[in-house]
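A look at the structure
For reference, the chains in residue letters:
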Amino acid sequence: MPPTDASADAGPVPVHPVHPVHPGHPGCSGHPGPAEDVRDCEDTLDLRLPSELRALFAGQAPDADIGGTAAPATEALVHTPIGPFEVFDAPDAPDASEALDTVDLLDQVGTWGPIETPVGSFRLQPVRVERDLPAISRWMNDPAVAAFWQLAGSLAQTEEHLRAQLAGDGRSVPCLGLLDGTPMSYWEIYRADLDPLARHYPARPHDTGIHLLIGDVADRRRGLGSALLRAVADLVLDRRPACARVVAEPDLHNTPSVAAFLNAGYRYAAEVDLPAKRAALMIRDRSLRHLM
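Remember, predicted model here, so these are calculated numbers, not experimental data.

Our focus in this paragraph is the packing of helix α7 (residues 224-239) against helix α8 (residues 255-263). Relative to each other, α7 and α8 sit at 50°, their axes nearing to 8 Å. With respect to their mutual orientation, α7 and α8 come out oblique. Once α7 is placed against α8, the crossing between them reads as right-handed. Residue-level inspection shows S226, L229 and R230 of α7 in contact with α8, the latter providing A260, F261 and N263.

Listed below in structure tokens is the structure:
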């Protein structure tokens, strides 16, 4: 079990399977408020395609109010991706590349700016391979990290993992986490609704997922993991107004990581069987962010 900032003595967490919730259900108020609040207390499958995808298939740019509107501004702890990044191309759509140029699927992560946390000023900085590869590769070769990420090896192996995201359509953005200006963690901010993960839970449009590892051993077990998980969820919800939920899927057997997410205001929604692991589906809801 890799070290984390959360106690490893956390007891078993009850499982709450995903199921539809309707007005009057114990999980929701019998008198629903705004539509966003109703969505946030339901775990139902929304089969509508996001506007970005409809625009891609149509070969047109999306409406101006979708995407790119953000205001400028330890599973060691290790939280691993579930598999290779997949790119779904629209065949025989010659204008699709032009549409991709106008679509930012994650509302310009690089412009999100800093957020103040109990442990310091934190911000996400999109990866530049030439600058960041040595540090990320070193972290990936830490045994506590490698046990979950399975990316220990040469610089070339880490580079391939990074470039697969950077060469994609922007649905996953690899980032360094800078605490008071010092790189100390690696993050992947991704569109969970456009990811293979969406095949395994009732995804909603604009669900945003996170993967995280804390780099150096000295930065673990200091309360950093939970503080940063909460901070990044707040960044996502503040900078992505269309996103109602931040999701994560740590390994179910990594009790310290699950505990860190719970301490950061995520709820334990369900267990899901993914290709490489049985995971705990963790969700932080916009409507509950100030209550948990």
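So, on to the environment of R289. Checked against the element boundaries, R289 lands in the segment after β9 (277-285). Judged by relative accessible area, R289 falls into the buried class, the value being 12%. Between the alpha carbons of R289 and A264 there is a distance of 9.8 Å; along the sequence they are 25 residues apart. At a separation of 3.0 Å, a polar atom in the side chain of R289 contacts the side chain of D238.

Let's shift gears to the packing of helix α4 (residues 129-140) against helix α6 (residues 155-166). Relative to each other, α4 and α6 sit at 120°, their axes nearing to 9 Å. Considered as vectors, α4 and α6 are oriented oblique to each other. At the point where α4 passes α6, the crossing takes the right-handed sense. Together, V129, E130, L133, P134, I136, S137 and M140 of α4 and L155, T158, E159, L162, R163 and L166 of α6 make up the contact between the two elements. Taken together, the residues of the contact of α4 with α6 break down into eight nonpolar, two polar and three charged.

Cut-offs used in this document
- Every chain begins its residue count from 1, and numbering advances along the sequence as written.
- Owing to the predicted nature of the model, reporting of local features is limited to residues with pLDDT of at least 70; listing and counting of side-chain atom pairs is limited to 80 or more, with chain, interface and lining totals taken over all residues.
- Side-chain measures here rest on the full set of heavy atoms in the structure, leaving out hydrogens and waters.
- Here an axis means a line fitted to C-alpha atoms, over the contact stretch when the element is a helix, while the angle between two N-to-C directions is reported on a 0 to 180 degree scale.
- Only DSSP runs of H or I covering at least 4 residues are called helices, and only runs of E covering at least 2 are called strands; the numbering of each starts at the N terminus.
- For classification, angles of less than 35 degrees are called roughly parallel, those exceeding 145 degrees roughly antiparallel, those between 65 and 115 degrees roughly perpendicular, and all remaining angles oblique.
- Crossing handedness is read from the near helix: turned anticlockwise from the far helix by less than a right angle, it gives a left-handed crossing, and turned clockwise, a right-handed one.
- The contact definition used throughout considers only heavy atoms, calling two residues in contact when any of these lie within 4.5 Å.
- Exposed residues in this analysis have more than 50% of their type's maximum accessible area, buried residues have under 20%, and partly exposed residues fall in between, with area computed by a 1.4 Å probe over protein chains only.
- By the criterion applied in these results, polar contacts are pairs of N or O atoms within 3.5 Å in which, for protein atoms, one can donate a hydrogen and the other can accept it, and in which residues neighboring in sequence qualify only through two side-chain atoms.
- Note that Gly is not counted as nonpolar here; it falls among the polar residues with everything else outside the nonpolar set of Ala, Val, Leu, Ile, Met, Phe, Trp, Tyr, Cys and Pro and the charged set of Asp, Glu, Lys and Arg.

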